[in-house]
Amino acid sequence: MVRPYTAALIIPTGIGCAVGGYAGDALPVARALAGVVDRLITHPNVLNGAQLYWPLANALYVEGYGLDRFAAGQWGLEPVTQNRVGLLLDAGIEPDLRLRHLQAAAAARTTLGLSLTDYVVTDRPLTVRLSRGESGASWGTIEPLDSLLRAAEKLVTQAQAQAIAVVVRFPDEAPDSPELVQYRQGQGVDPIAGAEAIISHFLGRSLQIPCAHAPALAALPLDPQLSPRSAAEELGHTFLPCVLVGLSRAPQYRVLSPVPPAPLPASCLTTADVDVVVVPASACGGSALLHWASQGKLILAVEDNTTALAVPPEALGIPAVRVRSYLESVGYVAAHRQGLDPHSLSPQARPLQPLA
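Since this is a predicted model, take the numbers as computed values, not measurements.

Observations regarding the pairing of strand S8 (residues 138–143)
Consecutive side chains of a regular strand alternate in pointing toward one face of the sheet and then the other.
Argument step 1. Residue alternation in S8 divides its side chains into a buried set, Ser138, Gly140 and Ile142, and an unburied set, Trp139, Thr141 and Glu143.
Argument step 2. In the sheet, strand S7 (residues 127–132) pairs with S8 via six bridges, with the strands oriented antiparallel. Considered in S8, the bridge of Arg129 is made with Thr141.
Argument step 3. A loop of five residues connects S7 with S8, the two strands running antiparallel in sequence, and Gly136 in this loop sits at a positive phi of about 100°.

As structure tokens, this is what we get:
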């Protein structure tokens, strides 16, 4: 018998990925890759599409901090049938915009049958400040974090939430700002993605349960030049539906005990279960990837998913296999899963040579 074949698909957020730098534009990659593996581990940046989503029965929706701990061998991932999802709203969201998000959550519970707890509002408005690094990658700060954590803890202790969807009021950019215009035309870096990641990382680290974020923003005026890659973000008044869907089946984290290890459920995945990791070729400096590279995992570096970074695998001593596109990566993974040397599918057969 052959154990289940597991792939990890990593597309970092806030770095201007040509594929995966917008809401849901990496979903076709995830769907294709999920079709040739038994299990796909990926993160909200790949699967979130604002109002759009595509549930994949064999995909595990894992927030970035949880993914780092999983790759490091510190956490396991236990698949679930259903999570009770708690909704956390920023007190700084205007009444009308808050109502939009509550109606979206009610629709998800009624139309999709998701299990949601009652919601909680932070005891203080949250303040988000957006910034850009020298590379162009986005980041930011959020405060006060203690108010955010108190609200999340209330959902866990009083409502028995098993996962948390967070909605924070983000600052609106002027519709004619160069950064926003560029992004809506399918270029540049998502200006809020880096700050969003901080919110989910903080709560995931603090509570050790699945968390994901949906920003609250004012609707933008219609733009006839809107890029198809950006269009999913402008279909409605909220980004919440995809987050609720993802969290509803997100695996629970299991902290792996030190020696002697505590017994794990048979269904629980550990980093040893990962067979292949797919990542943009210019963004190979992430914590999870470095852990997997040190474990000798097969790394596929996709060249045509360009980013604002310049961190190729060779610069870090990572023995990755470069592929030109995600389409090629899917073929490579399909061959690898069958135990084939992918080069055997090429007409250029290489003769055996004596060792030097």
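So much for the structure itself; the text now carries on.
Let's talk about the sheet that holds strand S1 (residues 6–9)
Argument step 1. Pairing within the open sheet is parallel, and its six strands lie in the order S3-S2-S1-S12-S13-S14. The open sheet is flanked by strand S3 (59–61) and strand S14 (321–323), the only strands paired with a single partner. In this sheet, adjacent strand axes meet at a mean angle of 25° when their direction is disregarded.
Argument step 2. Of the strand pairs in this sheet, strand S13 (residues 298–302) and S14 are connected by three bridges, and their pairing is parallel. Its bridge partner lying in S14, Leu300 is registered against Val321.

What to know about the pattern of salt bridges
Argument step 1. Within this structure, the stated rule accounts for 13 salt bridges.
Argument step 2. Notably, a salt bridge pairs Arg150 with Asp123, separated by 2.8 Å at the nearest N-O pair. Placement of Arg150 in helix H5 (residues 145–159) and of Asp123 in the loop between strand S6 (120–121) and S7 is noted, with a sequence separation of 27 residues between them.
Argument step 3. Glu314 is the salt-bridge partner of Arg322, the closest N and O atoms lying 2.9 Å from each other.
Argument step 4. Overall, Glu314 belongs to the partly exposed group, its relative accessible area being 47%.
Argument step 5. Each of Glu94, Arg169 and Asp172 takes part in one network of salt bridges that share partners.

Digging into the domain arrangement of the protein
Argument step 1. Its domain assignment divides the protein into domain 1 (6–79 + 255–345) and domain 2 (85–250).
Argument step 2. The partner domain 2 presents 36 residues to the 25 residues of domain 1 that form the contact.
Argument step 3. Summed over both sides, the interface of domain 1 with domain 2 buries roughly 2,500 Å², with 64% coming from carbon and sulfur.
Argument step 4. It is Tyr22, Gln51 and Tyr61 in domain 1 that bury the most area against domain 2; as a group they hold 28% of the surface buried on that side.
Argument step 5. Linking domain 1 with domain 2 are one salt bridge, by the criterion used here.
Argument step 6. Note that Arg229 and Asp25 form a salt bridge whose closest N and O atoms lie 3.2 Å from each other.
Argument step 7. If you look at where domain 1 meets domain 2, you find nine residue pairs in polar contact (both at pLDDT 80 or more).

About the cut-offs
- Residues numbered from 1 in each chain as written.
- Predicted model: local features only at pLDDT ≥ 70, side-chain atom pairs only at ≥ 80, totals over all residues.
- Heavy atoms only, no water.
- Buried < 20%, exposed > 50% of the residue type's maximum accessible area, 1.4 Å probe, protein only.
- Helix = DSSP H or I, 4+ residues; strand = E, 2+ residues; numbered from the N terminus.
- Pairing = 2+ DSSP bridges.
- Axes fitted to C-alpha atoms, helices over the stretch in contact; angles between N-to-C directions.
- Salt bridge = Lys/Arg side-chain N within 4 Å of Asp/Glu carboxyl O.
- Domains from an automatic or database assignment.
- Contact = heavy atoms within 4.5 Å.
- Buried area = accessible area lost by both parts, 1.4 Å probe.
- Polar contact = N/O pair within 3.5 Å; in protein donor to acceptor, adjacent residues only side chain to side chain.

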